[in-house]
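Now for the letters of each chain:
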Amino acid sequence: MSFCFLSCRWILPTWIFKKDQFDNLEKHTQWGIDVLEKYIKFVKERTEIEINYAKQLRNLSKKYQPKKNSKEEDEYKYSSCQAFLATLNEMNDYAGQHEVVSENMTSQITAELARYVQELKQERKMHFHDGRKAQQHIETCWKQLESSKRRFERDCKEADRAQQYFEKMDADINVTKADVEKARQQAQLRHQMAEESKAEYSSTLQRFNHEQHDHYHTHIPNIFQKIQEMEERRIIRIGESMKTFAEVDRQVIPIIGKCLDEITKAAESIDQKHDSQLVVEAFKSGFEPPGDVDFEDFTQPIKRTVSDSSLSNSKDGKPESRFSSKSKGKLWPFIKKNKLSLKLITLNMQVWNLMEGGGPEDFSNLPPEQRRKKLQQKVDELNRDIQKEIDQRDALTKMKDVYIKNPQMGDAASVDHKLAELAQNLEKLRLEAQKFEGWLAEVEGRLPARTEPARRQSGMYEPQNTLTVNNCAQDRESSPDGSYTEEPSQESEVKVPAPEFDDEFDDEEPLPTIGTCKALYTFEGQNEGTISVSEGETLFVIEEDKGDGWTRIRRNEDEEGYVPTSYVEVFLEKNAKGAMTYI
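Since this is a predicted model, take the numbers as computed values, not measurements. (Residues numbered from 1 in each chain as written. Predicted model: local features only at pLDDT ≥ 70, side-chain atom pairs only at ≥ 80, totals over all residues. Heavy atoms only, no water.)

1. A look at the side chain of Arg552
Following the sequence through the fold, Arg552 ends up in strand 5 (residues 550–554). Of the polar contacts made by the side chain of Arg552, one reaches the side chain of Glu560; its length is 2.9 Å. (Helix = DSSP H or I, 4+ residues; strand = E, 2+ residues; numbered from the N terminus. Polar contact = N/O pair within 3.5 Å; in protein donor to acceptor, adjacent residues only side chain to side chain.)

Below, the structure is given as structure tokens:
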């Protein structure tokens, strides 16, 4: 019997074992991750642009903000400047919204996608690891099948040769019976081995077919399904991120719209009439318009008359006009025809500003309205300084109380020096404030005249009471055509007195004593008109406080002056103004 098992070879399709599908999927999923990382990089660069833009907007807004304690700060009282300031503030808020966009994109897109990419890489790695494992398993099964098939083929060939040898030996008459039996037994053994190989091959083949069926119908489809689901989740995730990208911008649009609405509102609030009125108030001088110019009749051999708003000379060339606060009419500084008066006023103002670093302390060089504003500003500034000193004193007092109650926290005596220093500063500021309040009251008409202590305090800053102007060409001759000509060869002087003073102050008789006083503190009288006193010293009162914070006292016939009322305890005589004691 001849066994031919070669025709039983099982040939599988070659495409089953190709790895190109896995390779293609691996390349495609890696490309998907690269796309996701590219989008993350795009969003990250967008956030950096938003941050830089917000930073530049903030720097721009800060650059054009008014500087504190500068001239620019005063300009922002006008509505147009206030609108510009509002625009700068809104631009600052506008920049803040771009920062919000950057922060939200970073937290909601960049960070989330970066974390998702790491998870996606791990999942992809796991799926392809399972695919390679399944591929290796089916290849191992195929190798086992090939091995059992080759063994079955080899055993079949051996059995076939053994059978042919047995038949040859059996037909040969020269071969002994023992050799024939031996050949027969060998043929049967080979046939038995072939049958066993056949059974093993059949079993291996059935097992391989089962594994192959599971591989291509269960394992590989499941792996491909998981890879597909992973890829679809990636696509969905990048789509959701793009929606978030747009939503983050959309969320700040209402706030940005409000910023733009506020800018529009600020622009609409500009009031040109109000700004014009502020200019009028800022530069209003308070001078009254000049009176009518008197007619000067040159046909009569008489002296030329002088009106309230013009200057002229008498025949001998001496000035007859004086500019003082007691004159009925004041010079109008904007009149163009009276050129000489304008020059004198300009020169006078320059002298005032050059004296003592820019003018007298009481701003008497300024027009009435400007002087009132300057004094009010000074009073407000001093009140703010006083409040600041009071706050520091209260804080130190509380600290001292804490130290007294809890000595382990600090030494209470260490605060006394600072408290004493604050008390001195506070007293100086109060005296200064009282002085400027007195001048302000004088300007506003609350006081009839300037008080003596205030005059004495500011006397050291006041300029000379006259101003000499040479070569003013006071004498003017009438030309044939009726115009005036000036004579440069003649010299004259025009004396312009300073603000009003009591001309009889130095010549007044000594004032009578109206009481006594006791010095509570030591006072160093450094300004003109003041007097130094020592603590506990008793002196005579010759003029009580008139509301300006100063009391006039006398030590002897040669020494008298003003001291702060708060530094002395005053005892007025009964026949002066009733029995009265105050500090």
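2. Regarding the nonpolar core
Membership of the largest hydrophobic core comes to 28 residues, with the highest contact counts inside it found for Leu36, Tyr39, Met105 and Ile109. When residues of this core are traced back to their parent elements, those giving at least two are helix 1 (20–63), helix 3 (79–171) and helix 4 (177–268). Non-local contacts of Leu36, meaning those with residues more than four positions away in its chain, are made with Leu113, Tyr116, Val117, Leu120, Arg234 and Ile238. One finds Leu431, Phe523, Val533 and Val563 within the second-largest nonpolar core, a separate group that totals 16 residues. (Core = buried A, V, L, I, M, F, W, Y, C linked by side-chain atoms within 4.5 Å. Buried < 20%, exposed > 50% of the residue type's maximum accessible area, 1.4 Å probe, protein only. Contact = heavy atoms within 4.5 Å.)

3. Quick look at the pairing of strand 6 (residues 560–564)
Burial analysis of strand 6 places four of its five residues in the buried class, which makes it a mostly covered element. Judged from the five bridges that link them, strand 5 and strand 6 form a sheet pairing that is antiparallel. The residue of strand 6 that forms the bridge with Arg554 is Glu560. The hairpin turn running from strand 5 into strand 6, its antiparallel successor, is five residues long. (Pairing = 2+ DSSP bridges.)

4. Description of a nonpolar patch on the surface
A cluster of nonpolar side chains, namely Leu60, Tyr64 and Phe84, defines an oily patch on the protein surface of about 280 Å² accessible area. Among the secondary structure elements, Leu60 is positioned in helix 1. (Patch = residues over 30% accessible without salt bridge, like charges linked within 9 Å, V, L, I, M, F, W, Y side chains within 5 Å. Areas by Shrake-Rupley, 256 points an atom, 1.4 Å probe, with all protein chains shown as cover. Salt bridge = Lys/Arg side-chain N within 4 Å of Asp/Glu carboxyl O.)

5. Details of the pattern of salt bridges
Inspection of every chain in the model, using the stated rule, returns 26 salt bridges. One salt bridge in this structure joins Glu158 and Arg161, with 2.1 Å as the shortest N-O distance. Note that Glu158 and Arg161 are positioned in helix 3 at a spacing of three residues, about one turn of the helix. Residue classification places Glu158 among the partly exposed residues on the basis of a relative accessible area of 26%. Residue Glu560 is joined to Arg552 by a salt bridge in which the shortest nitrogen-to-oxygen separation is 2.9 Å. What you see here is one network of salt bridges that share partners, running through Glu543, Lys546, Arg552, Arg554 and Glu560.

6. A few points about the side chain of Asp275
Looking at the secondary structure, you find Asp275 in helix 5 (residues 272–283). The buried charged residue Asp275 lacks any salt bridge partner; its closest oppositely charged side chain belongs to Lys77, at an N-O distance of 9.8 Å. If we ignore the near neighbours within four places in the chain, the residues touching Asp275 are Tyr78, Ser79 and Ser80. (Lys, Arg positive; Asp, Glu negative; His and termini not counted.)

7. Overview of helix 7 (residues 368–405)
The first and last C-alpha atoms of helix 7 sit 55 Å apart over 38 residues, in line with the 56 Å expected at 1.5 Å per residue. Of all the residues in helix 7, the buried ones are Glu369, Gln370, Arg371, Leu375, Val379, Leu382, Ile386, Glu389, Ile390, Leu396 and Tyr403. (Expected span 1.5 Å × (residues − 1).)

8. Overview of the environment of Ile33
Position of Ile33 among the secondary structure elements: in helix 1. Separated by 87 residues in sequence, Ile33 and Leu120 place their C-alpha atoms 7.9 Å apart. The contact partners of Ile33, leaving out residues within four places of it in the chain, are Val117, Leu120, Lys121, Arg124 and Arg234.

9. Some points on the packing of aromatic side chains
Overall, the coordinates contain nine aromatic pairs when judged by the stated rule. Relative to Phe245, the ring of Phe42 has its centre 5.6 Å away and its plane inclined at 40°; by these criteria the two rings are tilted. Remark: Phe245 occurs in helix 4 and Phe42 occurs in helix 1; sequence separation between them is 203 residues. Taking 5.4 Å as the distance between ring centres and 50° as the angle between the ring planes, the aromatic pair formed by Trp142 and Phe208 counts as tilted. Residue Trp142 is found in helix 3, and its partner Phe208 is found in helix 4; the two are separated by 66 residues along the sequence. There is no split in this pair, since Trp142 and Phe208 are both buried. (Phe/Tyr/Trp six-rings, centres within 6.5 Å; stacked < 30°, edge-to-face > 60°.)

10. A few points about the confidence of the model for the chain
Residues of the chain with pLDDT of at least 70 account for 72%, and the chain-wide mean is 76. Here residues 302–357 is modelled with pLDDT under 50, and outside its nearest four sequence neighbours on either side it reaches 94 contacts, counting other chains as well. (pLDDT = per-residue confidence, 0-100.)

11. As for the environment of Lys273
For Lys273, the position within the fold is in helix 5. The spatial distance from the C-alpha of Lys273 to the C-alpha of Ser79 is 9.7 Å, given a sequence separation of 194 residues.

12. Brief notes about the packing of helix 3 against helix 4
At their nearest, the axes of helix 3 and helix 4 sit 7 Å apart, and the two run at 170° to each other. Taken together, helix 3 and helix 4 sit at an angle that is classed as roughly antiparallel. Partitioned by chemical class, the residues of the contact of helix 3 with helix 4 number 45 nonpolar, 20 polar and 24 charged. (Axes fitted to C-alpha atoms, helices over the stretch in contact; angles between N-to-C directions. Parallel < 35°, antiparallel > 145°, perpendicular 65-115°, else oblique. Nonpolar A, V, L, I, M, F, W, Y, C, P; charged D, E, K, R; others polar.)

13. Looking at the pairing of strand 3 (residues 515–519)
Only one face of strand 3 is covered, namely the face carrying Gly515, Cys517 and Ala519; the face carrying Thr516 and Lys518 is uncovered. Pairing of strand 3 with strand 4 (residues 538–543), which is carried by four bridges, proceeds in the antiparallel orientation. Residue Lys518 lies in a different strand from strand 4, and its bridge partner there is Thr538. For strand 3 and strand 7 (residues 568–572), the ladder comprises five bridges, and the chain directions are antiparallel. The residue bridging Gly515 from the neighbouring strand is Leu572, located in strand 7.

14. A look at the packing of helix 5 against helix 7
Their axes nearest at 7 Å, the elements helix 5 and helix 7 cross at an angle of 95°. Judged by the inter-axis angle, helix 5 sits roughly perpendicular to helix 7. Contacts between helix 5 and helix 7 involve Glu281, Ala282 and Phe283 from the first element and Glu369, Gln370 and Lys373 from the second. Among the residues making up the contact of helix 5 with helix 7, the classes are represented as two nonpolar, one polar and three charged.

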